Amino acid sequence: MATTKQPVRHKVHVRKGDTVQVIAGRDRGKVGEVLTVIPKTSQVVVQGVNIRTKHVKPQQEGESGQIVTQEAPIHSSNVMLYSEKEKVASRVAYTFTDDGRKVRMLKKTGEIID
C-alpha cells in the first residue's frame, strides 16, 4: 500500500497586507507590505524586497524584448512585523480582546494589528 505524503502547510505569523521588516539577508532593514503568503513553503512576497530581473523575448514580429523586474519570495522567518507608529520591528503575540476575539499583538509596543 503506497502512501502519498501531503505537503506540510506551515502556520505563518504574517498575513497579506501586513507591514514587515526584513531581518536577514541581502535586503536586511527594508520595510514593505506583504503582497502574498505561500504557506506550503512558508514563504512571503514583500513589496520592494528580493527584486529579480527577467529578460522577456519579443512575442510578435516587430515587438521589442524587455526587462521585467519583480519580487521573489523570501522565507517567513526572515521577516518581522513592523510598527509604523513606533518605527520598530517586533515579535507577534496572540491575545483576546474584551469581546472575546483572538487578535495579534506586537510584543514590544502592545499595538493590536487586526
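Residues numbered from 1 in each chain as written. Predicted model: local features only at pLDDT ≥ 70, side-chain atom pairs only at ≥ 80, totals over all residues. Heavy atoms only, no water.

Looking up the chain in an unreviewed UniProt entry gives the name Large ribosomal subunit protein uL24, with the organism given as Phormidium tenue NIES-30.

**Q** Quick one: what's the story with the sheet that holds strand β3 (residues 43-46), residue by residue and with numbers?
**A** In spatial order, the strands read β6-β3-β2-β1-β7-β8; together these six strands make up an open sheet with antiparallel pairing. Unpaired on one side and paired on the other, β6 (74-75) and β8 (88-90) mark the two borders of the sheet. Both strand β7 (residues 79-83) and β8 contribute to a ladder of three bridges, which runs antiparallel. Across the sheet, Tyr 82 pairs through a bridge with Ala 89, a residue of β8. (Pairing = 2+ DSSP bridges. Helix = DSSP H or I, 4+ residues; strand = E, 2+ residues; numbered from the N terminus.)

**Q** Run through the pattern of salt bridges, naming residues and quoting values.
**A** The full count for this structure, using the stated rule, is four salt bridges. A salt bridge links Lys 30 to Asp 27; the shortest N-O distance between them is 3.3 Å. By relative accessible area, which is 12% here, Asp 27 ends up buried. Between Glu 84 and Lys 87 there is a salt bridge, with its nearest N and O atoms 3.7 Å apart. (Salt bridge = Lys/Arg side-chain N within 4 Å of Asp/Glu carboxyl O. Buried < 20%, exposed > 50% of the residue type's maximum accessible area, 1.4 Å probe, protein only.)

**Q** Any chance you could break down unusual backbone geometry for me, citing the residues and the numbers?
**A** Positive phi outside glycine occurs at Asn 50, with the angle close to 60°. Structurally, Asn 50 can be placed in the loop between β3 and β4 (51-56). Residue Asn 50 is classed as buried on the basis of its relative accessible area of 9%. Unlike most non-glycine residues, Lys 87 shows phi in positive territory, near 55°. The residue Lys 87 is located in the loop between β7 and β8 in this model. When its relative accessible area of 54% is taken as the criterion, Lys 87 is described as exposed.

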